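Residue-level structure breakdown
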Amino acid sequence: MAELSELTRHIESYVDASRSPSEQVASLRAITSLLNKDLLSIEILVREMGLYLTNTDSVIRCRGILLLAEVLDSLSSKPLETSTIHSLIIFFADRLADWKALRGALVGCLALIRRTDGVGMVTISDAMAVMKSYVQNLHVQSLAQHDRKLCFELLECLLENYPDAFVSAGTEIFYAICEAVDYEKDPQCLLVAFHIVELAMRQFPDLCGPSDGSVGEIFDILGRYFPIHFTHAKGQDVDVTRDELSRALMFAFTSTPLFEPFAIPLLLEKLSSSLPLAKIDSLKCLSHCTLKYGTDRMEKHAMAIWSSLRNIVFSSSQEPLLCFDSESVDGVGFSDDEIAKEALTVLEKLVMQNSVLFLNLIVNDEDINLIFNNINSYKSFSNISLQSKQKIHGVGCILATAARSTISSCNRIFESFFPCLINTLGLSILNPSDNMSPSGKHAVSGTPNFGALYLSVILLEACRDLTVGSAQGASFPAHETFCCMLESFSASLARAFISNVGRGNETSIADVILGVKGLQILATFPGSFLPIPESLLEYILTALLSIIAENFQSTLSWNLALKALVNIGLYIEKYHESKKEISYMVVVEKIGSLLTAAECVMPYSRKLEAISEVGMSGRNYMLKVVPRLEEAIFTNLSDLFENGDTGPVDNTVQLLECYTNKVLPWINNSEGFDEVLHLFVINIWNQIECCKHFSIRTEEEDILEATIKTIKFVISNCSETSQNVIVQKAYAVVSSCHFFSWNESVVNPIEMRGLDISHKLKLSIRDRLVLSLFSSVIMAIHPQTRLPDVRATLWLFMELLLKGHVPSAQALGSMVNKFGSKSNGQSTLNDCLLEEAMDIIFNTSISHADSAFRISTGIEDKGTMTLKDLCLGASNNRQLQINAIVGLAWIGKGLLMRGHEKVKDIVMILLECFSLKDGRHFRQDSGQENCEQDVSSSVMTYAADAFHIMMSDSEVCLSRRYHANIRPLYKQRFFSTMMPILQALIIKSDSLFKRSILCRALAYIMSETPLVAVQGEAKKLTPVLLDALLMFSKDNQDKDTMYSLLLLLSGILTDKSSQEDVIENAHIIINCLTRMVSYPHMMLVRETALQCLVAMSVLPHSRIYPLRKQVLQAVSRALDDPKRSVRLQAVTCRQAWLSLATT
Amino acid sequence: MVSELINANPVVYEKKERRVRSTPSCVDEYAAEPIDQLEIFDHLRDIKDPEHPYSLEELKVITEDAIEVDDSNSYVRVTFTPTVEHCSMATIIGLCLRVKLMRSLPSRYKVDIRIAPGSHATEAAVNKQLNDKERVAAALENPNLVDMVDECLAPSNGFAG
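The rules we used
- Residues numbered from 1 in each chain as written.
- Chains lettered and ligands numbered in written order.
- Predicted model: local features only at pLDDT ≥ 70, side-chain atom pairs only at ≥ 80, totals over all residues.
- Heavy atoms only, no water.
- Helix = DSSP H or I, 4+ residues; strand = E, 2+ residues; numbered from the N terminus.
- Buried < 20%, exposed > 50% of the residue type's maximum accessible area, 1.4 Å probe, protein only.
- Contact = heavy atoms within 4.5 Å.
- Areas by Shrake-Rupley, 256 points an atom, 1.4 Å probe, with all protein chains shown as cover.
- Buried area = accessible area lost by both parts, 1.4 Å probe.
- Salt bridge = Lys/Arg side-chain N within 4 Å of Asp/Glu carboxyl O.
- Polar contact = N/O pair within 3.5 Å; in protein donor to acceptor, adjacent residues only side chain to side chain.
- 1 Å grid on protein atoms, 1.4 Å probe; cavity = no way out; pocket = protein on both sides within 12 Å on 5 of 7 lines; lining within 4 Å.
- Points joined across faces, edges and corners; volume = space filled by probe spheres on them.
- Nonpolar A, V, L, I, M, F, W, Y, C, P; charged D, E, K, R; others polar.
- Domains from an automatic or database assignment.
- Pairing = 2+ DSSP bridges.
- Right-handed = clockwise from strand over helix to strand, strands pointing away.
- Expected span 1.5 Å × (residues − 1).
- Phe/Tyr/Trp six-rings, centres within 6.5 Å; stacked < 30°, edge-to-face > 60°.
- Lys NZ or Arg CZ within 6 Å of the ring centre and 35° of its normal.
- Axes fitted to C-alpha atoms, helices over the stretch in contact; angles between N-to-C directions.

**As for the overall build of chain B**
Looking only at helices and strands, chain B has five helices and three strands in total. Its helices and strands taken in sequence order, chain B reads α-β-β-α-β-α-α-α from the N to the C terminus. By residue count, 40% of the 161 residues in chain B fall in the buried class. Residue pairs at least 24 apart in sequence account for 68% of intrachain contacts in chain B once pairs closer than 6 positions are excluded. Carbon and sulfur atoms form 51% of the exposed surface of chain B, whose accessible area is close to 9,200 Å².

What follows is the structure, given as C-alpha cells:
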C-alpha cells in the first residue's frame, strides 16, 4: 500500500496551509495523475480524505474540500460513473451552506456542472438541488471578489446547461439573480452578471410573469450601470475592457422586448447628457434596440427619438468645408465625428424599419423645412455663417441617410426636396443634345446657389450609392420616381456643376470640390437606372479633361479632376459598363496625346502623372496608355541617339522613371502585357541597331542609366518566350559590333585560341551602351532562357571584365548563377552547362602584352595565364589584377548564391591573394603615390572587398527580381565555413597590415550574416569584431558595414547566452565603444554605441566599476554632440553609469 | 520634514502633446542640431514635484516659454513658477532643475535658475541660494537632499530608460 501512503502524503501537503503554493500545486498534480492513470479511484480518494472533508477546523475543511474540487476540475475530460457524480454533486451542493469553506464547494459544483455529455453529466434533478441550495444559502454580495465571480459563473453555467432546472425553480430564481447582481462593482463579475441577465431574460421571457413589477426591478438594477463608467486606469491589471462590458450590458438590455418601456426612456435621457461617451453608448444601444424590440414597440418613441437624433446631428461641430478632404473627392460630407455618425446609423435603421413614419417626420420637420425655405440666403460659401453651414451639413447628412436606406424612401425624399433644389438652381429640363459644348458658353447664368448645389450633390451621392449597391442585387423595378426626376435634369445639373468649376480664379475651393464631385457622381450612376446619354457623359469627361489640360496651375482643382477621372475609370472597369467605356476610351486617348502634344504647356511631370494615373484605373486603359508612353520614349531616345539633341534632359529621365516605377509594377500585377513589353525592348534594340553613330554628349549619362534600368526591369517581367527573342536580338546587335571577334564561323575550335587582351579597346559611347544593355539583358533573364552562343558571350564578358567593365562581371556572375548543371540533372535549353562555363572562365589562357613581361599567344607558351594567375598578380599590371579580382568576386557571388561547391576555389584564390609575399609589392610601379594611398588601394584591399561583393545584396543583379538562383541560408553556410579559416589566418598573420585586411574580410562576412547565426559564435568573434570596428572607425569609407557590425555587437551584448563572454571582455568592449561614441561620420553609430554602453551598465559591478570614469568622460563629450538624438541617448547613458556609484 | 502639505490641492493641467520633431528622410549626416528650448524642456518636463505625484509640466511650474537658450554662448536660463507663493519647496524644485540640467547639458553651459518675478514671497533669497555655486555644492553634500532630488528626477513609468 505504498501508493496509499504516498497519497496521504500528497493530501497532507495540500491541506497544510503552511506549505508553499508550488508544493501544493505539485501534490495536486500528483493526485490528478494517479486518478488519470486509474491507479486510484475517486471513491478511495474520498475515503482517504474523509477526515479532512468533515473536519471541524474550518481551515483544514476548506483546504480539503478545495482539494477534492480542484481534482475534479482537472478531470473534466475523464469519464466518471453516474453514481459517483451524483454523490459528489449532492455533497458539494450541500456544502454551499458552509460559508467558512465555500470556495471548495463552489469550485466543485462548477467543475461538475461544466461536465459535458459523454463523460458523465450531472442529472437535472441534481442540478435542481444545486440551484435550490444556491438560492437558499448564498448571499453573493457578502462574499469576496473571487468567490462572487465563481458564484456568477456557477449561475451562468446552470443557465446554459440546465435551462429546464431553471424553469422549475420559478420566480424565486429571479429574485436571487436580482439580489446577486445588485450593487456588484467588479468588472469581471459584472461581465458574467450581465450575461446571466441576458440569458435568463432571453430564455424565459415569460417566467417572471406579465407583471411589470419584476421586469422593472431587473431593469432597474441593470439601468444603473448605463453608461459604463470605468475608473480603472489602463495600466492596471484588469483583463476586462470597457468595450466588452458595455457590449455585454447592451446585450442584456436587448435580451427581451419587455425592457422597452424602461430602456428607451433611459437611453433618450442619456442622449441628452453632456458626456460624449454616454451619447455614443446610448446611440449604439439604441440601434441595437431598434432591431430587437421590433417596429410596434419602437413606434411609440418615434417622435422623441427623432428629435434627439436631429438635435445631435445638427449640433455636431462639423461644417461642410471640413469634410472637403482634398485628398479624396469621395470624402465629401461623411467624415463626421463619431457621435453624429452613430446617430445617423440609428436613423438609417429606424427608416429601414418603419420608413413611412420616419419619412413623415423628416419631411415635415420644421428645422429642415426652414433650411429649404431660406435656401436663397445660402448663396455663396464664404458668406454663410458657421452655424448655418453646420445646419446645412446636418440636413444633408439626414437626407442622405434617409435616401440611402431604401428605394421607397429615396423616392419620397426626392419628391419632397428635389424640386425645391432644382428651382433654386434655376435648372430646366434640357435635351442633352442641345447646346452641349465643353466650353461652357451656355452655362447657367450667374453663380449657382451653394446651399442648393451642396444638398443636390449629397442627395445625388446617396441615391448613386443606393443604386450601385442594389445593381448587384439586380432586383430593381426600372424607372423609379427618383430616376425619372434625375434623368430629366441630369443635363442641366451637369452644366451647373461645370459652371461651378470653370469660373476661373474667382471660384472658391468649395465650389470646385462640389462641381468635380457632382460630375463624378453623375458619371458613375449605373446605366440601368439612370441612362445618361453618351453625349452627356462625353460632355462631363471633356469638362474634366479640360480642367486637367488647362488648370494645371491650380493644384487643387487639377488633382481633384484627375482623381475624379480615375474614379470614373475604376467604376467603369469594376461594373463593366461597356457603353461608358467607349466614351472613356476617348478621354484616355486624349490624355495620351497630351504627352506628345507640343502646344500643350502643361509641365511634363503633370502630364506623366495624369497619363499614368488614368492608365492604372483599368487594364484596357493601360493597354492604350502604354504604347503612348513607349512611343514617347522612342522619340526621345532616337532624338538623343541621332541628333544628340535631347530637348530637356529631365523629361526623358522623368519619363523613364515614371515608366519603371509606376507603370511597370502595375503591369506586373495584371496579365496580357507580355507582348507590349516584349515589343518595347525589341524596338529599342532596333533603334540602336539602326543608329550606327551616336552624337551624344557625355553629360547625358543619366538618361542612358535610366534606359538601362528600365530595360532590365522590363525584361525581368517578360515571359521566357519573349526573353528568348530579346536575347537573340541583343546578341545579333552585339555580334555585329567591331569589338566582337568570336563568331563561331571565324574561330573554330575556339578553345585553341585563348584570349588576347593586350590591345587597347576603344569603345565609343554607343559601344558602351550596347555592352551595358547586353549585360543587363543577361542579368535579367530567367534561368531557362536560351542564350544564342554561350561561349562567345562568355569570352566577350571575360575580356570586358579584365578591361574593368563591371556590368560584364555582373552578367558573368548571373550566367554562372543560372546555368543548369550536370550534377543535379537540371534540364536546360542551353547547350553549355555550368561545368563547361566554369572551365572556360577559369582555364582560358589569357595573354597580355604589357611593358613588364610580354607573353606570346598560344597555349604551349609557358607564360600563358589564367584568371587565377591574373588575380595572383602574374602579370605585372596592377589594374589588370584588380579588375580580375573584382570580376572573380561577382562570379563568386553567383556561385555562392546557388550554393555551388566551386565557390571554394574562388575563395582559395582570394585567400591566396592575402598571402602574397608582400601585399604592397607594386609600390615601385607608382612611385609618386604616397604610402597611405597605396595601402588603401592595394590589391589585398580589393580581395577583402571581394567578400563584401559576394555577401551583400545587390540591387543591380542576382536578386529575386532578376530571377537569381538563391539557395536558402547560403549566407549562414558561407559564414560557418569561412569563419574558422579566416580566424586561423588572422592568428597566424605576421604583419599588422595583413591582419587588418583579414579582419576586414571577416567583418564583411559577419556584417551580412543574419544575427542569430553570428550570435552562436560570439565568444570567438568578439575580438575580431572589436578590431574591425576600430579599423573601420579610422575613415568614413565603410559606414554602413560599421553600423551593421555595431548592431551585431549590440545583439551579442543583449544576448543572455553570451553574457559570460561579454563580462570577460568588458574592458576591451568598453574601450571600443567609447571610441565609437565620437565617430564623426554617422549619427546612428554614435547612438548605437551609447545604447550599447547603457546595456553594459548592468554587468556585475566589480567588473565595470573600474571603467566608470572612462565611460563618463566619453559620454560627457557626447552630451555636446551635434545631433539631438545622440545627446538624448547620452543623457540616459550618463545617468545609467552615474548611478553605478549609488547602487 | 513637513507634516502637512504646503499646497494640498494644486491645480493640475493637461500635459502638452509631445511635439514630434519632423525628421526628414534624408538628413545631412554632418549638419548640427543646436540645443533649443524644446530640448531643454524635454529634459525638465518629467521632473516630479517633491510633494505630489505630478510632473512639473502638469503643475505648470515650468513651461516651454519660460526657458531661454543661447547655444552659441552656452547659456540657459530657466524661470519657474512655484504653485503657491510661500512654497518652501521652491528651493528643492530649483535644485532639481539645476541638477537635472547639470547632468544633461554639456559642461560648457552656464545655467541660471530663477523664480518667476512676483510668484514667491522670498524670491530674492531663493534666487540667490539657487545660483550660488558653493551653496548648491554644499546642498548636494547632504545625503537627505540628494535622495530627495534623485527621487524627483527618477524617470516616471512611461519613460523609463
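Once the structure has been displayed, the description carries forward.
**Details of the interface of chain B and chain A**
Listed by partner, the interface residues are 20 residues for chain B and 19 residues for chain A. Buried surface at the junction of chain B and chain A, summed over both partners, amounts to about 1,600 Å²; 43% is from carbon and sulfur atoms. If you sort the residues of chain B by the area they bury against chain A, E29, E33 and R103 of chain B come out on top, with a joint share of 38%. Counting every contact that joins chain B to chain A gives four salt bridges. Residue R108 of chain B pairs with D1120 of chain A through a salt bridge whose shortest N-O separation is 2.5 Å. Our enumeration of links across chain B and chain A arrives at 11 residue pairs in polar contact (both at pLDDT 80 or more). The set of elements that each furnish at least two residues to the side of chain B that touches chain A consists of α1 (37-44) and α2 (90-104) of chain B. With four residues, the top contributor of residues to the side of chain B that touches chain A is α2 of chain B.

**Observations regarding unusual backbone geometry**
Residue and element names in this part refer to chain A. F226 connects to P227 through a cis peptide bond whose omega is -15 degrees. Topologically, P227 is positioned in the loop between α12 (212-223) and α13 (242-253). Of note, Y183 is a non-glycine position whose phi angle comes to about 70 degrees, a positive value. Counting through the fold element by element, Y183 comes out in the loop between α10 (172-181) and α11 (187-203). Classification of Y183 by relative accessible area gives exposed; the value is 58%. The phi angle at H963 is positive, at roughly 60 degrees, despite the residue not being glycine.

**So, empty space enclosed by the protein**
All names here are of chain A. Per the counting criterion, the structure on display carries five cavities of 30 Å³ or more. What the second largest cavity holds in volume is close to 70 Å³. Lining the second largest cavity are Y134, V135, L138, H139, V140, Q141, A176, E179 and A180. Broken down by element, the lining of the second largest cavity gets its largest block of residues, three residues, from α10. Taken together, the residues of the lining of the second largest cavity sort by class into six nonpolar, two polar and one charged. Taken domain by domain, the lining of the second largest cavity gets at least three of its residues from each of domain 1 (1-166) and domain 2 (170-300).

**Observations regarding the pairing of strand β3 (residues 110-115) of chain B**
Residues and elements named next belong to chain B. Bridge count between strand β2 (residues 75-80) and β3: six bridges; the pairing is parallel. Looking at β3, one finds that Y75 is bridged to K110. In the classification by handedness, the crossover that spans β2, the intervening α2 and the parallel β3 is right-handed.

**Observations regarding helix α33 (residues 674-690) of chain A**
For α33 of chain A, which comprises 17 residues, the first-to-last C-alpha distance of 24 Å matches the rise-based estimate of 24 Å (1.5 Å per residue) to within 8%. Taken residue by residue, α33 of chain A has V676, L677, H678, F680, V681, I682, I684, W685, Q687 and I688 of chain A as its buried positions.

**Details of the packing of aromatic side chains**
Residues and elements named next belong to chain A. With the rule as written, the count across this model stands at 18 aromatic pairs over all chains. Considering the side-chain rings of F219 and F259, the 5.2 Å spacing of their centres and the 55 degrees angle between planes classify their relative orientation as tilted. Pair noted here: F219 is in helix α12 and F259 is in the loop between α13 and α14 (260-271), with a separation of 40 residues, a long-range link. As far as the burial class goes, F219 and F259 line up, both buried. The ring of F842 is capped by K902, whose NZ or CZ atom sits 5.5 Å from the centre of that ring.

**A closer look at the sheet that holds strand β1 (residues 67-70) of chain B**
Residue and element names in this part refer to chain B. Pairing within the open sheet is mixed, and its three strands lie in the order β1-β2-β3. One side of each edge strand has no neighbouring strand; the edge strands of this open sheet are β1 and β3. Pairs of neighbouring strands in the sheet enclose a mean axial angle of 10 degrees, with direction left out of account. Where helix α3 (residues 123-130) meets the sheet, it contacts β2 and β3, and its direction lies at approximately 160 degrees from that of β3.

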